[in-house]
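# Tertiary structure, described
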Amino acid sequence: MHNASYPALRLRRTRASAWSRALHAETVLTPADLIWPLFVAEGEGVEQPISTMPGVSRWSVDKMVDRAREARDLGIPCLALFPNTPEHLRTDDGAEALNAGNLMCRAIRAIKDAVPEVGVLTDVALDPYTAHGHDGLIDAAGYVLNDPTKDVLVQQALNQARAGADIIAPSDMMDGRVAAIRAALEGEGFANVQIMAYAAKYASAFYGPFRDAVGSRGRLQGDKKTYQMNPANAEEALREVALDLAEGADTVMVKPGLPYLDIIRRVKERFEVPVFAYAVSGEYAMIEAAAAAGAGDRDGLVMESLMSLKRAGCSGVLTYHAPLAARLLGR
Ligand code: PBG
């Protein structure tokens, strides 16, 4: 019975000291909740800072291995990799995505060779490989074709799995791709390769810096509204999640993160499955801009944002702030 009232009930009582606040914390964040997204560049010994994401760089494969060691030492269990494909390899059909020796596959192999205890998540979508910047194959009118794209994504996923990817994460929003990828993985003996579906992925204004990082921003013709979701919709997100789970997704993702806490909560309550959020590049940039302008304390903004995502129902969060957050948590 909750029938006590003031003054017998003083909710400030348990907040009065640090030990008591720690004891009464309802949500706990640990480095094990973090997935660190990283951008791979060609070359050796290369670090390329990304101007719209201050503090984030593209790394060549050799340096990426150092990032994997850093993650391991910080207790971050998993990396998410995205390639910045050289200009001359971007084509209308994104064929480089299927090349077993592409930048992505070389990065996966190098990491799994050197630091096998760190998980590697790979994004399935064609945008880092296409000349037009879309996630799939387009027709003459620029419309992204669902079924032909799905067939290519299956090959892309297999290419990544053969290179050693642990989690396949389709971010393309084509209908039916999870089932097709699951069947193909089973067919090649990749029974333990997981699928984390970008199930509720919105057509968001928060992806700008990411498109700089993978080099697709200037190229993108039009927008992605015919495949990514309308930010106005929540019921549709539940249908997307239901579909991806029925097709064999192990876990589902909501993306972006902070503007979609309601979606995370509804998905968690409805389906009772592991839900992940992607705190996307624009969210990172907003925090960095606020900190740089003296409008807020970076550490505080980062930890509160991550805690909010966890409290909303996330099992984990993809965040560019992963190393910072892990360091803060490790203190
Ligand atoms: C590509 C993809 C995008 C992101 C992850 N995978 C961009 C997009 O859909 O245009 C965005 C991540 C971020 O902004 O940090 N399909």
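Residues numbered from 1 in each chain as written. Predicted model: local features only at pLDDT ≥ 70, side-chain atom pairs only at ≥ 80, totals over all residues.

When its secondary structure is counted, the chain shows 11 helices and 10 strands. Against the 2.2 N^0.38 benchmark of 20 Å for 331 residues, the chain shows a C-alpha radius of gyration of 20 Å, consistent with a compact globule. By its C-alpha atoms, the chain is 70 × 45 × 40 Å across when sized along the principal axes. In the chain, which comprises 331 residues, the share counted as buried stands at 46%. Counting only contacts in the chain whose residues sit at least 6 apart along the sequence, the fraction spanning at least 24 positions is 73%. (Helix = DSSP H or I, 4+ residues; strand = E, 2+ residues; numbered from the N terminus. Rg over C-alpha atoms; globule rule 2.2 N^0.38 Å. Buried ≥ 20, exposed ≤ 12 C-beta atoms within 10 Å, placed from the backbone. Contact = placed C-beta atoms within 7 Å.)

Below, the discussion takes up the pairing of strand β6 (residues 167–170). Of the two faces of β6, the one carrying Ile-167 and Ala-169 and the one carrying Ile-168 and Pro-170 are both buried. Handedness of the crossover is the feature at issue here: the chain leaves strand β5 (residues 119–124), passes through helix α4 (residues 146–163), returns alongside β6, and the resulting connection is right-handed. Note that β6 and strand β7 (residues 194–201) share 2 bridges and pair parallel. Each bridged residue has a counterpart across the sheet, and for Ile-168 the counterpart in β7 is Ile-195. Following the chain from β6 across helix α5 (residues 177–187) to the adjacent parallel β7, one finds a crossover that is right-handed. (Right-handed = clockwise from strand over helix to strand, strands pointing away. Pairing = 2+ DSSP bridges.)

Turning our attention to helix α8 (residues 261–271). Those residues of α8 that fall on the buried side of the exposure criterion are Ile-263, Ile-264, Arg-266 and Val-267. Check the buried side of α8 and you find it contacts β7, α7 (235–246), β8 (251–255), β9 (275–279) and α10 (298–312). Positive phi appears at Glu-272, one or two residues downstream of α8, with a value of about 50°.

Attention shifts here to unusual backbone geometry. A cis amide bond, omega 10°, links Tyr-6 with the succeeding residue Pro-7. Tracing the sequence through the fold places Pro-7 in the segment before α1 (18–23). Of note, the bond from Lys-255 into Pro-256 is cis; its omega dihedral lies within 30 degrees of zero at -10°. Inspection of the secondary structure puts Pro-256 in the loop between β8 and α8. Unusually for a residue other than glycine, Met-173 sits at a positive phi of about 70°. Structurally, Met-173 is set in the loop between β6 and α5. Phi angles above zero are rare outside glycine, and Glu-272 is one such case at about 50°. Note that Glu-272 resides in the loop between α8 and β9. By the C-beta count within 10 Å, which is 9 here, Glu-272 ends up exposed.

According to UniProt, the feature "active site" (unreviewed entry) maps to Lys-201 and Lys-255 in the numbering used here. Annotated residues spanning 55 residues; largest pairwise C-alpha distance 4.9 Å, indicating a single compact cluster. Beyond its immediate stretch of four places on either side in the chain, Lys-201 contacts Ser-171, Met-173, Gln-228, Met-229 and Lys-255. Following the sequence through the fold, Lys-255 ends up in strand β8. For Lys-255, a count of 23 C-beta atoms within 10 Å puts it in the buried group. In this structure, Lys-255 is in contact with Tyr-198, Lys-201, Tyr-202, Ala-277, Tyr-278 and Val-280, ignoring residues within four places of it in sequence. (UniProt positions renumbered as here; feature names shortened; annotations may be inferred.)

Side chains Gly-316 and Leu-318 of strand β10 (residues 316–319) all project onto a buried face; the interleaved residues Val-317 and Thr-319 project onto the opposite face, where all are buried too. Alignment of strand β1 (residues 34–41) against β10, held across 2 bridges, turns out to be parallel. Each residue of the ladder has a partner; that of Ile-35, found in β10, is Leu-318. Two elements, β9 and β10, share 4 bridges in a ladder whose sense is parallel. By the bridge assignment, Phe-276 is partnered in β10 with Gly-316.

This part is about the packing of α10 against helix α11 (residues 322–330). When two helices pack together, their arrangement is given by the angle between the helix axes and the distance between those axes. Their axes nearest at 10 Å, the elements α10 and α11 cross at an angle of 95°. On the basis of their axis angle, the class for α10 and α11 is roughly perpendicular. Counted together, Asp-299, Val-302, Met-303 and Leu-306 of α10 and Leu-324, Ala-325 and Leu-328 of α11 form the full contact between these two elements. Its residues assigned to classes, the contact of α10 with α11 shows 6 nonpolar, no polar and 1 charged. (Axes fitted to C-alpha atoms, helices over the stretch in contact; angles between N-to-C directions. Parallel < 35°, antiparallel > 145°, perpendicular 65-115°, else oblique. Nonpolar A, V, L, I, M, F, W, Y, C, P; charged D, E, K, R; others polar.)

A few words on the nonpolar core. Generally speaking, nonpolar side chains in soluble globular proteins are found buried as a group. If you look at the biggest cluster of nonpolar residues, it comprises 101 residues, and the most contacted ones within it are Val-40 and Leu-79. In contact with Leu-79, not counting residues within four places along its chain, are Trp-36, Leu-38, Ala-68, Ala-71, Ile-111, Val-118, Val-120 and Leu-121. (Core = buried A, V, L, I, M, F, W, Y, C linked by C-beta atoms within 7 Å.)

So, on to the UniProt feature "binding site: Mg(2+)" (unreviewed entry) in the chain. The positions that UniProt labels "binding site: Mg(2+)" (unreviewed entry) are, in the present scheme, Glu-240. Relative to the assigned elements, Glu-240 resides in helix α7. For Glu-240, a count of 23 C-beta atoms within 10 Å gives the class buried. Discounting residues that sit within four places of it in the chain, Glu-240 has contacts with Ala-199 and Ala-200.

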